[in-house]
Amino acid sequence: MPTDPYWNHNTQYHPWVLDQVPATARTALDIGCGDGLLARKLATRCDAVLGVDIDDRVIANAPAAPNVHLEHADFRDLDQTFDVVTAVATLHHVPVRDGITALRHLVAPGGTLAVVGLWKMHPVSDFHYLPLLPAIWGLDRWRRRSFGGPDVTLADPRETLTEIRSAAAEHLPGAEIRRRLMWRYTLRWRRPR
Ligand SMILES: C[S@@+](CC[C@H](N)C(=O)[O-])C[C@H]1O[C@@H](n2cnc3c(N)ncnc32)[C@H](O)[C@@H]1O
């Protein structure tokens, strides 16, 4: 397992993502792979990992690693399927229904989709998130020496968690969505065989 060169609100959830990889998984896809850190970690669990990012500059600067292929592409244009598909802080870069339907088609029968996402906070439905702020600030403070990350394109989330849940209920039946610390939710879905 590569040692993390930095910590941030996305790498915080890499252990969760890796826990979703079934022992039988051979192929993995990480969409919006950035510098490929998660793709390199996935390669410790799978035989072949593809990382795609729409930003060719970030792909060109990513370190090479065995069994990892990084490619400049929009994930919505891919037509292969994979045993595991991961998306960390990327789904909110496209309209949620477009993104979710494209991700669904990339998961092989019996395969797993693991998303770490951002949502647009709503003052009413996210009110009970407020008591978590001290824990978020505490963790940020504790990890600040290692805080960092690749120079990637960022975007503000456009959809509330209610909208994301509704899109998932329609296109990823049975998906499990959980609100997490560090302004992230996780979504796990298994495609039926
Ligand atoms: C916030 S960054 C997250 C990068 C990485 N997953 C991480 O956790 O550090 C979002 C990434 O998604 C990429 N991206 C945005 N839209 C994309 C698309 N349609 N297809 C592939 N990559 C996309 C951006 O170029 C950017 O590198």
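The structure we're discussing is the one just above.
Residues numbered from 1 in each chain as written. Predicted model: local features only at pLDDT ≥ 70, side-chain atom pairs only at ≥ 80, totals over all residues. Heavy atoms only, no water.

Our focus in this paragraph is the overall build of the protein chain. A tally of helices and strands in the protein chain yields six helices and seven strands. In sequence order, the secondary structure elements of the protein chain are arranged as α-β-α-β-α-β-β-α-β-α-α-β-β. Computed over its C-alpha atoms, the radius of gyration of the protein chain comes to 16 Å, within 12% of the 16 Å expected for a compact globule of 193 residues. For the protein chain, the spread of C-alpha atoms along the three principal axes comes to 40 × 40 × 30 Å. Residues counted as buried form 50% of the 193 residues belonging to the protein chain. A fraction of 69% describes how many contacts in the protein chain between residues 6 or more apart in sequence connect residues 24 or more apart. On the protein chain, roughly 9,900 Å² of surface is accessible, and the fraction owed to carbon and sulfur atoms is 53%. Positive and negative side-chain charges of the protein chain, numbering 23 and 22 respectively, have mean locations separated by a distance of 8 Å. (Helix = DSSP H or I, 4+ residues; strand = E, 2+ residues; numbered from the N terminus. Rg over C-alpha atoms; globule rule 2.2 N^0.38 Å. Buried < 20%, exposed > 50% of the residue type's maximum accessible area, 1.4 Å probe, protein only. Contact = heavy atoms within 4.5 Å. Areas by Shrake-Rupley, 256 points an atom, 1.4 Å probe, with all protein chains shown as cover. Lys, Arg positive; Asp, Glu negative; His and termini not counted. Charge placed at Lys NZ, Arg CZ, Asp CG, Glu CD.)

Another point: the sheet that holds strand 7 (residues 184-190). Here we have seven strands laid out as an open sheet, ordered 3-2-1-4-5-7-6, and mixed in their pairing. The sheet is open, and its two edges are formed by strand 3 (68-72) and strand 6 (176-180), each paired on a single side. Averaged over all adjacent pairs, the angle separating strand axes in this sheet is 15 degrees, with direction ignored. As judged from the six bridges shared by strand 5 (residues 107-117) and strand 7, these two strands associate in the antiparallel manner. (Pairing = 2+ DSSP bridges. Axes fitted to C-alpha atoms, helices over the stretch in contact; angles between N-to-C directions.)

A few words now on the layout of surface pockets. The volume enclosed by the largest pocket comes to roughly 830 Å³. What lines the largest pocket is a set of 39 residues, among which Gly32, Val88, Ala89, Thr90 and Val152 lie closest to the centre. Residue assignment for the lining of the largest pocket shows that the elements contributing at least two residues are strand 1 (27-31), helix 2 (37-42) and strand 2 (48-53). Here the lining of the largest pocket is built from residues that sort into 18 nonpolar, 13 polar and eight charged. (1 Å grid on protein atoms, 1.4 Å probe; cavity = no way out; pocket = protein on both sides within 12 Å on 5 of 7 lines; lining within 4 Å. Points joined across faces, edges and corners; volume = space filled by probe spheres on them. Nonpolar A, V, L, I, M, F, W, Y, C, P; charged D, E, K, R; others polar.)

An α-helix turns once per 3.6 residues; consequently, residues spaced three or four apart project the same way. Of the positions making up helix 6 (residues 161-171), those classed as buried are Leu161, Ile164, Ala167, Ala168 and His171. For helix 6, the angular spread of the buried residues around the axis is 125 degrees, confining them to a single face. The exposed set on the far side of helix 6, more than 90 degrees from its buried face, consists of Thr162, Ala169 and Glu170. Here the buried face of helix 6 lies against helix 4 (96-106), strand 6 and strand 7. (Arc of directions from axis to C-beta.)

A separate point is the packing of aromatic side chains. Under the defined criterion, the tally for this structure stands at four aromatic pairs. Ring centres 5.4 Å apart and planes at 90 degrees place the aromatic pair Trp119 and Tyr129 in the edge-to-face group. Here Trp119, found in the loop between strand 5 and helix 5 (133-142), pairs with Tyr129, found in the loop between strand 5 and helix 5; they are ten residues apart in sequence, far enough to count as distant. For Tyr129, a relative accessible area of 3% gives the class buried. Clustering of aromatic rings is evident, with ring pairs tying together Trp119, Tyr129, Trp183 and Tyr185. A cation over a ring is seen here: Arg143 above Trp142, with NZ or CZ 5.3 Å from the ring centre. (Phe/Tyr/Trp six-rings, centres within 6.5 Å; stacked < 30°, edge-to-face > 60°. Lys NZ or Arg CZ within 6 Å of the ring centre and 35° of its normal.)

Below, the discussion takes up the site of the ligand. Around the ligand, 18 residues are found, and the nearest of them are Gly32, Asp53, Ile54, Asp74 and Val88. Within the contact set of the ligand, a nitrogen atom lies 2.7 Å away from a backbone nitrogen or oxygen of Gly32. Asp74 places a side-chain nitrogen or oxygen 3.0 Å from a nitrogen atom of the ligand. Notes on the ligand: free accessible area 600 Å², of which the protein chains cover 93%. According to the grid-proximity analysis, the pocket containing the ligand is the largest pocket. Residue classes in the shell around the ligand are distributed as nine nonpolar, five polar and four charged. (Near = heavy atom within 4 Å. Polar contact = N/O pair within 3.5 Å; in protein donor to acceptor, adjacent residues only side chain to side chain. Sits in = over half its atoms within 2 Å of the grid points.)

Everything listed here is a matter of geometry and, on its own, says nothing about what the molecule does.
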